[in-house]
Amino acid sequence: MNRRMILNTVGKMILWEGVFLLLPAVVALIYREACLLPILLTAAFALLTGGGLSWFCKPKDSVIYAREGFMIVSLSWGILSVIGAFPFWLSGEIPSYVDALFEIVSGFTTTGASILPDVEAMSRGLLFWRSFTHWIGGMGILVFVMAVLPNVSERSIHILRAEVPGPVVGKLVPRMKDTAKILYLIYFVMTGVQILLLLAGGMPAFDAVLHAFGTAGTGGFGIKADSLGGYSPYLQWVIAVFMLLFGVNFNLYYLILIRRFRAALKSREFWTYLAIIAAATAVITVNLHGASGAWGESLRHAFFQVSSIITTTGYSTVDFNLWPALSKGILLVLMVIGGCAGSTAGGLKVSRVVLIGKQIRRELQKLLHPRSVKSIHFEGRPVDEHTLTGVSSYLSVYLFSFGIVFLMICWEPFGFETNFSAVMACFNNVGPGFSAVGPLANYAAYSDFSKLVLSFAMLLGRLEIFPLIIFLSPSTWMRKKV
Amino acid sequence: MKTIVVGCGKIGTTVLASLIAEGHDAVAIDNAPQVISDITNIYDAIGVCGSGTDCEILSDAGVESADLFIAVTGSDEVNMLSCFIANQMGARHTVARIRNPEYNEGNLEFLRGRLGLSMVINPERTVARQLFNVLKLPTAAQVETFSGRHVEMVELKLKQDSALDGVKLSELRKKFPYKFLVCAVQRDDTVTVPDGGFVLRSGDKIGLTAPPSEVVKLLRGLNILQKQSRSVMILGAGTTSYYLSKLLLSEGFSVKIVEKDAHRCRIIAENLPEAVVIHGDGAQRELLLEEGLPRMDAFVALTGMDEENILVSYFAASRKVPKVIAKINRNEFSSVAEQLGLETLVSPLKTVSNVIVRYARALESSKDSSVESLYRIFDGKAEVLEFTVGDDCELMNIPLRELKLKPNTLIGGIIRGSTSIIPSGNDAVCAGDKVIVLTAGHRVNALSEIVQ
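Residues numbered from 1 in each chain as written. Chains lettered and ligands numbered in written order. Predicted model: local features only at pLDDT ≥ 70, side-chain atom pairs only at ≥ 80, totals over all residues. Heavy atoms only, no water.

Visitor: Can you break down the interface of chain B and chain A residue by residue, with the values?
Guide: By convention, interface size is frequently given as the accessible area that disappears when the constituent parts associate. Counting residues at the interface gives 16 residues for chain B and 14 residues for chain A. For the pair chain B and chain A, the two sides together bury roughly 1,400 Å², of which 39% comes from carbon and sulfur. Of all residues in chain B, Asn41(B), Asp44(B) and Ile46(B) give up the largest surface area on contact with chain A, accounting jointly for 41% of the area buried on that side. Between the two partners, chain B and chain A, sit 3 salt bridges. Note that Asp25(B) and Arg175(A) form a salt bridge whose closest N and O atoms lie 2.7 Å from each other. At the boundary of chain B with chain A, the tally comes to 7 residue pairs in polar contact (both at pLDDT 80 or more). Breaking the side of chain B that touches chain A down by element, the ones donating at least two residues are strand S2 (25-30), helix H2 (33-42) and helix H3 (55-60) of chain B. Classifying every residue of the side of chain B that touches chain A by side-chain character gives 8 nonpolar, 5 polar and 3 charged. (Contact = heavy atoms within 4.5 Å. Buried area = accessible area lost by both parts, 1.4 Å probe. Salt bridge = Lys/Arg side-chain N within 4 Å of Asp/Glu carboxyl O. Polar contact = N/O pair within 3.5 Å; in protein donor to acceptor, adjacent residues only side chain to side chain. Helix = DSSP H or I, 4+ residues; strand = E, 2+ residues; numbered from the N terminus. Nonpolar A, V, L, I, M, F, W, Y, C, P; charged D, E, K, R; others polar.)

Visitor: Now, about the sheet that holds strand S1 (residues 2-6) of chain B: what can you tell me, with residues and values included?
Guide: All names here are of chain B. The sheet built from 6 strands is open, its strands ordered S3-S2-S1-S4-S5-S6 with parallel pairing. Of all the strands in the sheet, the pair left with one neighbour each is strand S3 (46-49) and strand S6 (119-121). Strand-to-strand twist in this sheet, taken as the mean axis angle between neighbours without regard to direction, amounts to 20°. Where strand S5 (residues 93-97) lies against S6, 3 bridges are found, and the strand directions are parallel. Bridge pairing in S6 places Ala96 opposite Val120. Where helix H1 (residues 10-21) meets the sheet, it contacts S1, S2, strand S4 (68-71) and S5, and its direction lies at approximately 170° from that of S1. Contacting S4, S5 and S6, helix H15 (residues 348-364) runs over the sheet at an angle of about 165° to S6. (Pairing = 2+ DSSP bridges. Axes fitted to C-alpha atoms, helices over the stretch in contact; angles between N-to-C directions.)

Visitor: I'd love a proper account of the pattern of salt bridges, names of residues and values included.
Guide: Residues and elements named next belong to chain B. Following the criterion strictly, the structure yields 24 salt bridges over all chains and no others. Here Glu124 makes a salt bridge to Arg99, at a shortest N to O gap of 3.4 Å. Here Glu124 is found in helix H7 (residues 123-136), whereas its partner Arg99 is found in the loop between S5 and helix H5 (101-104), with 25 residues between them in sequence. The partly exposed category is assigned to Arg99, whose relative accessible area is 23%. A single salt-bridge network, built from bridges that share partners, covers Glu22, Arg361, Arg376 and Glu383. (Buried < 20%, exposed > 50% of the residue type's maximum accessible area, 1.4 Å probe, protein only.)

Here is the structure:
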């Protein structure tokens, strides 16, 4: 294993975190807040350690293989979270370090689960940092660094593969660096457009920027106690539509960018995604209308919540915890499905769900016609067996990890619904669950142990499990074993 | 530049790697999913899995906006068709690998014109040409030729008791007043462009430029000239053997070909009636000795198996055959072969990559000059380029002594019309000249880039 290369890259990541921390420092400076000092201290610490690490660990050769890719991604995400939590803790605004860590992991993994009892009491600099981690975590920290670093190692596809979600990871253009640049360009422009639309609707500038960060990364940290409930219907519609857009595979936007509209419209995953959203919205609207309220309002709340949950953002306009059981059931299923592959959303991903469905159909056909030969097609191409096995094994490991995480926190005294939905919401990077962890509540009541377990679950969900399992397995660390 | 490579076997992968190393965007097309996934794992390129003759696949790869389209699958016909389709779909330049002698003799120009091919690469023929050059000057480890064959670049390895050991380059010039220039020296693993004060040691590998006749005079003066090979034994009757034998026979060499496969023996015997074709296993010692291996002037191993080529060549060298050459199909083995003491190795992969890189640079080069040929010498640690000087080159008519060349860069020769100049400080470059430049450690696209 190329340890020097791993340490060198991780060092560069820490260095960049130091640079990122300068942004909230500017915000704190503008609003003249006391959190400026802790932020600057953390930034200085990150710049020094990161710079030192990448300076002293000059790799002899920059070749990385799949193993190094997984290690770099897992280590970077872990260490960035550990350092990113410092400002909250040092400023005393979140007195417990475990709480601060939970908050920042929730930020980087774009979960949006919070332990803050009163978010409106936080200083603006720290709120900015919290939401900004959504933005960088959404598209990927390493992808960003690849876009800006001058020379990228040849096999850096391994890093992209470990960080970008989805069953098959492809590049948009031949060069890794250009791919990363294009992804961030699309991301940047879409975020910018959303900010403008929010400003046009009369949202204060600070709120607009932070909500756009939360939407773009499909994170969902709110800055008001009632999330988005207090904003006008126009603003809620804008955010709902943008959440939906950020849950779409970014390759589609690239195809639109290079004017290959027909190819973009042919995407099966995209249409399935829209169909799921439409169906879920329709059922919930009818369900809500029956319970209370007018059609228009029901539709708005239903669409907003469906869009927020399927993209695993976690914003809310109403307390959906009070909704009828059918609507809550649908939301729970949407949490598992998640957005499209190659988007900033979490969950299983629509393409995996479609492939699993097709595999089930094939197995059924095999039972009826044992000698039948059938290849599975997706996006107009036959899917190779390797990918299919990958999808099935991902589902199994997903269920196993989910089970283990659930077992580890099921002893908490909050009842089954709370514990189950908490694991569901963290594991799929959604944020709010039901009952005691519903949209208007928070995770503060959990014990430190459970908070750490849930933080780990969020990382598992964001990095799609395998990198962390490989990172933790002893065989990766042993020098002599092959 | 946007490039597409169809067919990612050994040659295709080498082409892809050298294009990426040159800084071009590359898309790889291959039928086998495994090959594509390997390629995208290793190289910074996009892979498209599918047939190179399928319009949809080509369109996916972005052929409409491709600057350079290279088809190097195993089949000549697929390559031609693929290039034809690409050309029709809008690729600016198409290059096909066509190696079957059927297409290469006579109607190649016709095919090129009709198919709109910008270039045809034939690794076997290029390798055969390279082998032929070395067989004509067996003292050299490698011989590269430039336009019109007025100047050659000759690589020599200085043997243990060489007369050149401890000689200063400036003294060498005085002692042997011929037209030659020592351009590059490889000692251990470093390549330097030497000046007059440089002292040679035995074990050095030197590259010198000179007109062919002067090379012979110099080698004779140094008393290391080996007499030209007249009888050559070739192991393997593949396409390279065919092209090489044909060249050798046309210059009056006697050629003996040993081949295991009876069918191949028959084919080559039909096509080359003057060659002696032996049907038998070339790895058998008895057979080789019986066929008079120790009496041969040269032995060339050209089978598809690197192991066999290396070992049999080693055997031939131990039997004191004066010149032994082995073909290495995979780059992995060349260092092993060199450790065994085999001095002259030819590699189709390196040859192809040289040709492609030269072509890509020529496409990119500016108005002031264009790349005519490009060779990588000393394991790719140095490059020799031949430029044609355009009308508005900034370096024109300035005496070379006044040019501030970049470090490790040298003008090794100037070809003006049919005369060759081994330059001194007073010479200058004129429009229409062909200039041979040697660089180590950096990349040059145009003649104007050699000055600081």
